[in-house]
Amino acid sequence: MTTAPITSTLPTATPPASGSSGGPAAWARGAWRTLRRSRRLTIGFAIITAFVLVAAFGPLLSGNPDAFSQDLSQPPSGAHWLGTTQTGQDVFAQLIASTRGSLVVGAAAALLATAVSIVIGIGGGFLGGWADEALSLISNVFLVIPGLPLVIVIASYVKGSSTLATIGVIALTSWAASARVLRAQTLSLRSRDYVQAARLYGERRWRIVLVEILPNEVAIIVSQFIFAVIFAILTQAGLAFLGLDDPSAMTWGNMLYFAQNAEALSGGSWWWFVPPGLCIAVFGAALSLISFGLDEVLDPRLRVHRPRSGRRTRTKGTAR
Amino acid sequence: MTALEVRDLVVEYAQSRGKPFRAVEKLSFTLEAGRTLALVGESGSGKSSVLKALSRLVTPAGGQILLGGRDKVPAKEYRRAVQMVFQDPFASLNPSHSVDHHLRRPLLATGRARRGTEADTAVAELLRQVNLTPAADVARKRPHELSGGQRQRVAIARALAPAPDVLLADEPVSMLDVSIRLEILNLLDDLKRQRDLALLYVTHDLATARHFSSDIMVMYRGQVVERGPSDEVILNPKHPYTQLLAAAAPRTGATRAEVRAARQVRAAARSARDAERRETVVGDGCRFRPRCPFAMDVCATRPPEAALGGGHRVLCWLQSEGKAAA
């Protein structure tokens, strides 16, 4: 009688880890168990962790990505693991440096977009009245503006200024959809009994928003952040490929841009354009895996019940 | 001592077109410290609107709510003095916070305890008062780890944390298992006695209303149609609506004939309700007229309040005409 109604009414809210014993060690153990519950989550986290480690420490270990050498357009070899570019730069060193650049742009733009959507979505939903009307109008306007053309227009306007401008442009065009979702969720949460109860004992409004409402939206916010990172990295790659990003910044998109300009595709230098393209695809897939995995873990109804392969073979073996 | 006095309370809700909908019509009553007043009536009779107005979640369209004899008490003082237990214990606790948080916040927000050990002991004391022990274990738990009855105890403890004078209980046991209803009601009754609380008990259940409250008000369509000492109202109902309610309450140990009769009463009530839906405009007269088995011509005008002695009062023409019909 106890748990079933709770999970059915509030699928996003109840954390799966048992909260019976405190302490950071217990928390870490709970998080680890949660991670292992879904194979998608485990694989996604493993890939993302690898990317983050490469971005953090890779540039310290690999060579200077801008250094020129006499080996022009060489295929992969022992000296150059991923070959060289037309001007003799090491593709592997460039890929490592670009990983850091792309991840920074993706994470920063997604953080900014999520922060804006939280303020506008939850603020409007909770305040109601004319404030909600105004904030809804703003997000609707940003929602109907076609995204990529706007990005291109703004990016060409602030062209070449810096990575910060790219981050700002991407954040500006990607917050609106999540703001609407958060507004709807806040509208539903603010009339819940526990929020009414907090009003009854005279809790301050900012506390009601931050302490009573926000924690119940964390699952939504996390999944929106994940998709915002994917969107930001793809948009950045698109902008760079079109030549609208700061060309001195090392990103996967810029690598593709230079490869395209040097006619790497027609020249058959596959080692130049395949690695950055593959990185974008794998990184996006890993983030999607995390998002789906989190859904699976947080919402028991989405969990796929498949018997473990090891156990299944064992039972087969005994039957024979 | 009068803890809360309500005079001519009117609650209205804005409608998308036309006049606002009047959910509560000029309601007056008092809540006495250490006594329980039951508010009974069917769904849509305005019980919840009364509670929302008393808890200041909606602003009344008219009338006065006097706390300790004073009108327009400042919000901070009122928030401390009037608390509420919600109907659904599965919705009234925040799933992302521990039991400790639910009790600590009202203590701190109303200034009943200071941060640190003082709040710790106050939380433990509250949990002990609602019989949730061991307090330290329960305080660490999240709502989803508790049963419905335990959750409702936490909700009661939260309502008690600001040390209120008035406790509003919105059908506190209707969502609970039958086996624990009595425990929760007894708990409320004990707490009322210990803390000298004025309790407003809103319910559908006439049996518990009679058992746990000293007085009963019967609401129909925003008006109190009958009020008085609980035994009087339940055992000797004068208003046709109260009679209908009392007849609708199921009884164990009823004979076959009684069950059959009860079923006929229910069928009649249902057809009457359907007829009432067709005839929505009642005008100025008695609001129960379309469903009333004793409806007369005079019922088209507003019925007077007839006093039957002992505080038993009825809003019905039947009782005002020289008690001939009674």
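Residues numbered from 1 in each chain as written. Chains lettered and ligands numbered in written order. Predicted model: local features only at pLDDT ≥ 70, side-chain atom pairs only at ≥ 80, totals over all residues.

Identification of chain B as ABC transporter ATP-binding protein from Streptomyces himalayensis subsp. himalayensis is taken from an unreviewed UniProt entry.

Per an unreviewed UniProt entry, chain A goes by the name ABC transporter permease and belongs to Streptomyces himalayensis subsp. himalayensis. According to the UniProt record, the Subcellular location (unreviewed entry) comment for chain A is "Cell membrane". On record in UniProt, under Sequence similarities (unreviewed entry), the comment for chain A is "Belongs to the binding-protein-dependent transport system permease family." (UniProt positions renumbered as here; feature names shortened; annotations may be inferred.)

**Q** Just checking my understanding: could you explain unusual backbone geometry for this structure?
**A** Peptide bonds are, in most cases, trans, and in most cases residues other than glycine have a negative phi. All names here are of chain B. Residue Pro134 is reached from Thr133 by a cis peptide bond, and omega for that bond is -5 degrees. Mapped onto the elements of the fold, Pro134 is located in the loop between helix H4 (117–129) and helix H5 (135–140). With a phi angle near 50 degrees, Asp8 is a residue other than glycine that sits in the positive phi range. When you line up the elements, Asp8 lands in strand S1 (residues 2–13). Taking the number of C-beta atoms within 10 Å as the measure of exposure, Asp8 has 12 and is therefore exposed. In this structure, Lys26 takes a positive phi of about 40 degrees despite not being glycine. (Helix = DSSP H or I, 4+ residues; strand = E, 2+ residues; numbered from the N terminus. Buried ≥ 20, exposed ≤ 12 C-beta atoms within 10 Å, placed from the backbone.)

**Q** Explain the domain arrangement of chain B here, please?
**A** A common measure of how large an interface is: the accessible area buried when the components associate. Residue and element names in this part refer to chain B. Partitioning chain B into structural domains gives domain 1 (2–232) and domain 2 (240–320). The C-alpha centroid of domain 2 is placed 29 Å from the C-alpha centroid of domain 1. Tallying the contact residues gives 14 residues for domain 1 and 13 residues for domain 2. Broken down by secondary-structure element, the contributors of at least two residues to the side of domain 1 that touches domain 2 are helix H8 (206–212), strand S8 (215–220) and strand S9 (223–229). Of all the elements, S9 adds the most residues to the side of domain 1 that touches domain 2, at 7 residues. A breakdown of the residues in the side of domain 1 that touches domain 2 according to their chemical character gives 8 nonpolar, 2 polar and 4 charged. (Domains from an automatic or database assignment. Contact = placed C-beta atoms within 7 Å. Nonpolar A, V, L, I, M, F, W, Y, C, P; charged D, E, K, R; others polar.)

**Q** Would you mind showing me how to read the environment of Ser102(A) here?
**A** Residues and elements named next belong to chain A. Along the chain, Ser102 falls in helix H4 (residues 91–127). Assessed through the 28 C-beta atoms surrounding it within 10 Å, Ser102 is described here as buried. Between the alpha carbons of Ser102 and Ile280 there is a distance of 9.0 Å; along the sequence they are 178 residues apart.

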